[in-house]
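Breakdown of the fold
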Amino acid sequence: QKEVEQNSGPLSVPEGAIASLNCTYSDRGSQSFFWYRQYSGKSPELIMSIYSNGDKEDGRFTAQLNKASQYVSLLIRDSQPSDSATYLCAVSGGGADGLTFGKGTHLIIQP
Amino acid sequence: DVKVTQSSRYLVKRTGEKVFLECVQDMDHENMFWYRQDPGLGLRLIYFSYDVKMKEKGDIPEGYSVSREKKERFSLILESASTNQTSMYLCASSSLGQYTGELFFGEGSRLTVL
C-alpha cells in the first residue's frame, strides 16, 4: 500500500513570511509529484507538479523534490491570508493508476 | 474554461437505496477518477477509467461500481447504499501521458445516507 505522509497542522505563519510544507512517500518507484490546494468547502486544485529532483519555481511557489530521501516540499514565499487552505501532497507511479494523496496540511496565514 | 461537472451537489438517501452519481468533463480527457474524501482519512481512490468501457479498481472499490459508456461521462453507482458511504464524492479527469497526474476536480457531491 502506497503511503503519503504529511503533518496535519495547523501550521500558522505570519503574513509575508515563508511557509514550508513537507511530505514523505513510501513507494520508491514513484515518478510524479503534485501539490494541490483545497479551500474549505471547495475541491482541490493543482498548484504545482514536479517530476525530477531539484527545485521548480512558479511565482511565489517553489516545489522541491528529493527522490533519494523520498521527500517533497512546497515553499510559499511572501505568504498572504488568501494562502490559508489545506495543502495536499499527491504521488503517482507515472501510469494511469490514480494519485495517492496525503491527508493534507492545514495552513493558516496570520495577518 | 475547463470544466468537470457533477450532477448533484447534495443528496440524501436511505439505507438500501441505489444511488447514481454522474460526472461529465468537457476537456476530452482520457482518464477519469472517482475519489471520496472523509475527515481524518483524506482522499481515497474508488475507481478510475482510462478509456471508454474500461475501469480499474482503486484502493476502496467495495460497495461501488462504475460505468463509462462515453468518453466524457463517468458514473459512480452505489448498488445498496449504507451509512458508512456517507461522504464527499469527488470526480476528476486528466489527460494521458506526462500530465496524467494533473487532475481537474468537479465541485463534489455530498452524499448523506440515513
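Summarised in this report is the structure supplied together with it. All of these numbers come straight from a predicted model, not from anything done at the bench.

Turning to the overall build of chain B, a few remarks are in order. Tallying secondary structure elements over chain B gives zero helices and 11 strands in all. Order of helices (α) and strands (β) in chain B, N terminus to C terminus: β-β-β-β-β-β-β-β-β-β-β. Taking 2.2 N^0.38 as the reference for a compact globule, 114 residues should give roughly 13 Å; the C-alpha atoms of chain B span a radius of gyration of 13 Å, in line with that estimate. A principal-axis box enclosing the C-alpha atoms of chain B has dimensions of 40 × 30 × 25 Å. Every one of the 114 residues in chain B was classed for burial, and the buried ones make up 48%. At a minimum sequence separation of 6, the contacts of chain B that also span at least 24 residues come to 56%. Accessible surface for chain B amounts to roughly 5,600 Å². Of this, 50% is attributable to carbon and sulfur atoms.

With that settled, consider the state of the cysteines. Residue and element names in this part refer to chain A. According to the stated counting rule, one finds two disulfides over all chains in the structure shown. Here Cys23 connects covalently by a disulfide to Cys89, the sulfurs 2.1 Å from one another. In this structure the cystine formed by Cys23 and Cys89 twists about its S-S bond by roughly -70°; its chirality is therefore left-handed. Taken as a pair, Cys23 in strand E3 (residues 19-25) and Cys89 in strand E9 (residues 85-92) lie far apart in primary sequence, 66 residues in all.

Turning our eyes to something else, we now look at the packing of aromatic side chains. Between two aromatic rings, the relevant description is the distance of the centres plus the angle of the planes. Across all of its chains, the model carries 10 aromatic pairs over all chains by this definition. Ring centres of Phe34 of chain A and Tyr51 of chain A lie 5.8 Å apart, and the angle between their planes is 85°; on these two criteria the pair is classed as edge-to-face. Taken as a pair, Phe34 of chain A in strand E4 (residues 32-38) and Tyr51 of chain A in the loop between strand E5 (45-50) and strand E6 (54-58) lie far apart in primary sequence, 17 residues in all. Relative accessible area serves as the criterion here: at 22%, Tyr51 of chain A is assigned to the partly exposed category. When the ring of Tyr36 of chain A is compared with that of Phe105 of chain B, the centres are 5.9 Å apart and the planes differ by 85°; the resulting orientation is edge-to-face. With one member in each of two chains, Tyr36 of chain A in strand E4 and Phe105 of chain B in strand E10 (residues 104-105) form a pair that bridges those chains. Classification of Tyr36 of chain A by relative accessible area gives buried; the value is 0%. Linked through ring pairs, Tyr36 and Phe101 of chain A together with Phe33, Tyr35, Phe48 and Phe105 of chain B together constitute an aromatic cluster. For the cation-ring pair, Arg60 of chain A lies above Phe61 of chain A, with the distance from its terminal atom to the ring centre recorded as 5.6 Å.

Here we take up the pairing of strand E8 (residues 71-76) of chain A. Residue and element names in this part refer to chain A. Two strands pair when backbone bridges link them, and E3 and E8 are joined in this way by six bridges, in the antiparallel orientation. Paired with Thr24 across the bridge in E8 is Tyr71. Alignment of strand E7 (residues 61-66) against E8, held across six bridges, turns out to be antiparallel. Note on E8: the bridge partner recorded for Gln64 is Ser73. Linking E7 back to E8 in an antiparallel pair, the connection comprises four residues, with Gln70 at a positive phi of about 55°.

How big an interface is tends to be reported as the loss of accessible area on association of its parts. Counting from both sides, the interface comprises 18 residues of chain A and, opposite them, 23 residues of chain B. Carbon and sulfur atoms make up 54% of the surface buried where chain A meets chain B, a total of about 1,500 Å² over both sides. Along the contact surface separating chain A from chain B lie nine residue pairs in polar contact (both at pLDDT 80 or more). Where the side of chain A that touches chain B is concerned, the elements lending two or more residues are E4 and E5 of chain A. In terms of residues, the side of chain A that touches chain B owes the most to one element, E4 of chain A, which gives three residues. Classifying every residue of the side of chain A that touches chain B by side-chain character gives nine nonpolar, seven polar and two charged.

Conventions we followed
- Residues numbered from 1 in each chain as written.
- Chains lettered and ligands numbered in written order.
- Predicted model: local features only at pLDDT ≥ 70, side-chain atom pairs only at ≥ 80, totals over all residues.
- Heavy atoms only, no water.
- Helix = DSSP H or I, 4+ residues; strand = E, 2+ residues; numbered from the N terminus.
- Rg over C-alpha atoms; globule rule 2.2 N^0.38 Å.
- Buried < 20%, exposed > 50% of the residue type's maximum accessible area, 1.4 Å probe, protein only.
- Contact = heavy atoms within 4.5 Å.
- Areas by Shrake-Rupley, 256 points an atom, 1.4 Å probe, with all protein chains shown as cover.
- Disulfide = S-S within 2.5 Å.
- Phe/Tyr/Trp six-rings, centres within 6.5 Å; stacked < 30°, edge-to-face > 60°.
- Lys NZ or Arg CZ within 6 Å of the ring centre and 35° of its normal.
- Pairing = 2+ DSSP bridges.
- Buried area = accessible area lost by both parts, 1.4 Å probe.
- Polar contact = N/O pair within 3.5 Å; in protein donor to acceptor, adjacent residues only side chain to side chain.
- Nonpolar A, V, L, I, M, F, W, Y, C, P; charged D, E, K, R; others polar.

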